[in-house]
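Architecture and fold: a report
Letter by letter, the chains look like this.
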Amino acid sequence: QVQLVESGGGLVQPGGFLRLSCAVSASAFSIYGMGWYRQAPGKSRELVATITSGGTTNYVDSVKGRFTISRDNAKNTVYLQMNSLKPEDTAVYYCAARAGRITITMTPHYWGQGTQVTVSS
């Protein structure tokens, strides 16, 4: 069983930054494609960023140039560095994993519990 535990959420002012972490309990973490999703109140869940086992990244247009996804296979951890945060980034952020890769149509097999990010002055 793969378990994912997010941390690093919180309240930040517009223009600020946060780094989310996701610790993954998996015996072969390096084979998993990883992703970060978010869900704002009243909206559907949105795929924000993905990273393949080989390190290839993709982002939704609204976060390109501001967010960076990365992974440390030695620590079984994936990160989401979020800079220049905007109020519209406010959401619950979820870490997710899939053997192979995550895309819009290839959805995760495993999910974390979510961490709240609030961008407000």
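Now for a description of the structure that goes with this document. Since we're looking at a predicted model, the values are computed, not measured. (Residues numbered from 1 in each chain as written. Predicted model: local features only at pLDDT ≥ 70, side-chain atom pairs only at ≥ 80, totals over all residues. Heavy atoms only, no water.)

Points about the pattern of salt bridges
We count it as follows: Between Lys or Arg on one side and Asp or Glu on the other, a salt bridge is scored when a side-chain nitrogen of the former is within 4 Å of a carboxyl oxygen of the latter. Between buried and exposed lies partly exposed: a residue is buried under 20% and exposed over 50% of the maximum accessible area for its type, with that area taken using a 1.4 Å probe on protein chains only.
Scanning the model with the defined rule gives 4 salt bridges in all. Between K64 and D61 there is a salt bridge, with the nearest N and O atoms lying 3.0 Å from each other. For D61, a relative accessible area of 62% gives the class exposed.

Details of the environment of P108
Let me state the cut-off plainly: Under the scheme used here, helices are H or I runs from DSSP no shorter than 4 residues and strands are E runs no shorter than 2 residues, and both carry numbers assigned from the N terminus. Should any heavy atoms of two residues lie within 4.5 Å, those residues are considered in contact.
Structurally, P108 can be placed in the loop between β9 (91-99) and β10 (110-111). According to the relative accessible area criterion, P108 is buried, its value standing at 12%. Along the chain, P108 and A97 lie 11 residues apart, while their C-alpha atoms are 5.2 Å from each other. Dropping the residues within four chain positions of it, P108 is found in contact with Y37, A96, A97, R98 and I102.

Re the side chain of D89
Rules: Between N or O atoms, a polar contact is any pair within 3.5 Å; within protein, one atom must be a potential hydrogen donor and the other a potential acceptor, and residues adjacent in sequence are included only when both atoms are from side chains.
Relative to the assigned elements, D89 resides in the loop between β8 (77-82) and β9. Classification of D89 by relative accessible area gives buried; the value is 0%. Engagement of the side chain of D89 in a polar contact is seen with the side chain of R38, the distance being 3.0 Å. A polar contact of 2.8 Å, which involves the side chain of D89, links it to the side chain of R66. Residues in contact with D89, not counting those within four places in the same chain, are R38, R66, F67, S84, V117 and V119.

Comments concerning the state of the cysteines
Our working definition: Throughout, disulfides are identified as pairs of cysteine sulfur atoms within 2.5 Å of each other.
Taken as a whole, this structure holds 1 disulfide when the rule is applied. Disulfide pairing is shown between C22 and C95; the S-S distance is 2.1 Å. Note on the C22 and C95 pair: the S-S dihedral is about -85°, so by sign convention the disulfide is left-handed. Taken together, the residues span a long stretch of sequence, with C22 in strand β3 (residues 18-25) and C95 in strand β9 at a distance of 73 residues. Residue class for C22 comes out buried when judged on its relative accessible area of 0%.

Some points on the nonpolar core
Stated precisely, the cut-off is as follows: By convention a nonpolar core is built from buried Ala, Val, Leu, Ile, Met, Phe, Trp, Tyr and Cys residues, the set being connected through side-chain atoms within 4.5 Å.
Of all hydrophobic cores here, the largest spans 29 residues; its most connected members are M34, W36, L80, M82 and Y93. At the level of secondary structure, the elements contributing two or more residues to this core comprise β3, β4 (32-39), β5 (46-51), β7 (67-72), β8, β9 and β11 (115-119). Y37, Y94, A96 and I102 belong to the second-largest nonpolar core, a separate cluster that totals 5 residues.

Quick look at the pairing of β5
Note the cut-off: Pairing between strands is defined by DSSP: at least two bridges between them are needed.
With 5 of 6 residues buried, β5 lies mostly within the body of the structure. In this structure, β4 lies alongside β5, joined through 5 bridges in antiparallel fashion. The partner of W36 across the bridge, within β5, is A49. Taking the residues that link successive antiparallel strands as the turn, the β4-β5 hairpin has 6 residues, and the phi of G42 there is positive, at about 75°. In sequence, β5 turns back onto strand β6 (residues 57-59) through a hairpin of 5 residues, with G55 there showing a positive phi of about 100°.

Notes on empty space enclosed by the protein
So the rule is basically this: In the cavity and pocket records, a cavity denotes points on a 1 Å grid over the protein atoms alone where a 1.4 Å probe fits but cannot get out, a pocket denotes an open set with protein on both sides within 12 Å along at least 5 of 7 lines, and lining residues are residues with an atom within 4 Å of a point. Grid points are joined across faces, edges and corners, and a volume is the space filled by probe spheres set on the points. Only Asp, Glu, Lys and Arg are considered charged in this grouping, and only Ala, Val, Leu, Ile, Met, Phe, Trp, Tyr, Cys and Pro are considered nonpolar; every other residue, Gly among them, is considered polar.
Summed over the entire model, instances satisfying the criterion amount to 1 cavity of 30 Å³ or more. Here the largest cavity defines a volume of roughly 30 Å³. Lining the largest cavity, in full, are T50, I51, T52, T56, N58, R101 and I102. The residue inventory of the lining of the largest cavity, partitioned by class, reads 2 nonpolar, 4 polar and 1 charged.

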